[in-house]
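Per-entry structural report
Here's the letter readout for the chains.
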Amino acid sequence: MCSIGAGDSGIPVRIRPVEEKDRWEVIALGSREFPYIEHPDAFFLERMHRYYFFIAEVDGKFAGFIDMEPSLEDEHTAIIAGFAVRPEMRGKGIGKKLFEFAIRFLRATGFRRAIIYSKKDNDVANAIYKKHGFQVTKEHEGILKWEMEL
Ligand SMILES: CC(C)(COP(=O)(O)OP(=O)(O)OC[C@H]1O[C@@H](n2cnc3c(N)ncnc32)[C@H](O)[C@@H]1OP(=O)(O)O)[C@@H](O)C(=O)NCCC(=O)NCCS
């Protein structure tokens, strides 16, 4: 388990591996933010158990999640696949802390490269990726592919 809080700027955020009790919060936020996923219950339940899936908590309450998976094309590459903060908790630095945790986690796990896909008009997410050193390596039909050496 990892936590970030005391000594860091902003509100205390605890970051921990996903647990069974998080399932409905994850599905609710995931289906809201990624409505193109056809069967969000099955989709997120599978991801929670199969990949690197972490939760942000503030005052013991679910605030958001980030999940990562190894690329099928290259074992040294990880894809940051899902990243979301509850709408009412945005703009407080929670997303940034989740994202920075994910990068540290991927480095510590031995991955050498990270990839993220985003919509071109997702200004908040794209600003986070750029600020943390990701570069756009591809753009297709409004979707950006961001990559970074870890
Ligand atoms: C992307 C997301 C996870 C960010 O979470 P968050 O907790 O609101 O982010 P933070 O509060 O940590 O802010 C991160 C940065 O974005 C900036 N930011 C926040 N709101 C912003 C806005 N409306 N416009 C531009 N920048 C903004 C912050 O200033 C901060 O940058 P800084 O560190 O330079 O000050 C959140 O917006 C979200 O859940 N969006 C919907 C799902 C989504 O789009 N996920 C990404 C899919 S690719």
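Residues numbered from 1 in each chain as written. Predicted model: local features only at pLDDT ≥ 70, side-chain atom pairs only at ≥ 80, totals over all residues.

A separate point is the overall build of the protein chain. Counting its secondary structure elements, the protein chain contains 4 helices and 8 strands. When the helices and strands of the protein chain are placed in sequence order, the string is β-β-α-α-β-β-β-α-β-α-β-β. Considered along the principal axes of its C-alpha atoms, the protein chain spans approximately 40 × 40 × 30 Å. Pairs at least 24 residues apart make up 52% of the contacts formed inside the protein chain by residues separated by at least 6 positions. (Helix = DSSP H or I, 4+ residues; strand = E, 2+ residues; numbered from the N terminus. Contact = placed C-beta atoms within 7 Å.)

We now examine the site of the ligand. Looking at the ligand, there are 19 residues lining it, with Arg90, Gly95, Lys96, Ser118 and Ala125 nearest. Put simply, the parts of the chain that give the shell around the ligand at least two residues each are strand S5 (77-85), helix H3 (94-109) and helix H4 (123-131). If you tally residues by element for the shell around the ligand, the top one is H4, at 6 residues. (Near = placed C-beta within 6 Å.)

This part covers the environment of Glu100. Relative to the helices and strands, Glu100 is located in helix H3. Assessed through the 16 C-beta atoms surrounding it within 10 Å, Glu100 is described here as partly exposed. With 28 residues separating them along the chain, Glu100 and Ile128 place their C-alpha atoms 9.6 Å apart. (Buried ≥ 20, exposed ≤ 12 C-beta atoms within 10 Å, placed from the backbone.)

Let us now look at the environment of Asp67. As for its placement among the helices and strands, Asp67 is situated in strand S4 (residues 61-70). C-alpha separation for the pair Asp67 and Glu19, spaced 48 residues apart in sequence, amounts to 13 Å. Beyond its immediate stretch of four places on either side in the chain, Asp67 contacts Arg47, Tyr51, Tyr52, Phe53, Ala81 and Gly82.

We now examine the nonpolar core. By size, the foremost hydrophobic cluster in this structure holds 36 residues, and its most contacted members are Ala56, Phe65, Ile80, Leu98, Ala102 and Ala114. Those residues in contact with Leu98, other than ones at most four positions away along the chain, are Ile15, Ala56, Gly64, Ile66 and Phe83. (Core = buried A, V, L, I, M, F, W, Y, C linked by C-beta atoms within 7 Å.)

Moving on: helix H1 (residues 23-33). Every buried residue of H1 is listed here: Val26, Leu29 and Gly30. For H1, the angular spread of buried residues about the axis comes to 100°, placing them on one side. Structural note: H1 exposes Trp24 and Arg32 on the side pointing more than 90 degrees away from its buried face. (Arc of directions from axis to C-beta.)

Let us look at unusual backbone geometry. Here the phi dihedral of Asp59 falls at roughly 50°; this positive angle occurs in a residue that is not glycine. Examined against the element boundaries, Asp59 turns out to sit in the loop between strand S3 (52-58) and S4. One non-glycine residue, Glu141, adopts positive backbone phi at about 50°. Assignment of secondary structure puts Glu141 in the loop between strand S7 (135-140) and strand S8 (143-149). By the C-beta count within 10 Å, which is 5 here, Glu141 ends up exposed.

Moving on, we get to the pairing of S7. Taken across its 6 residues, S7 has 0 buried, putting it largely on the surface. Hairpin remark: S7 followed by S8, antiparallel, with 2 residues in the connecting loop; positive phi at Glu141, about 50°. (Pairing = 2+ DSSP bridges.)

Alignment of S3 against S4, held across 7 bridges, turns out to be antiparallel. By the bridge assignment for S4, Phe54 is matched with Ile66. What sits between the antiparallel neighbours S3 and S4 is a turn of 2 residues, in which Asp59 has the positive phi angle 50°. Inspection of the sheet shows S4 paired to S5 by 7 bridges, in the antiparallel sense. The residue of S5 that forms the bridge with Met68 is Ile80.

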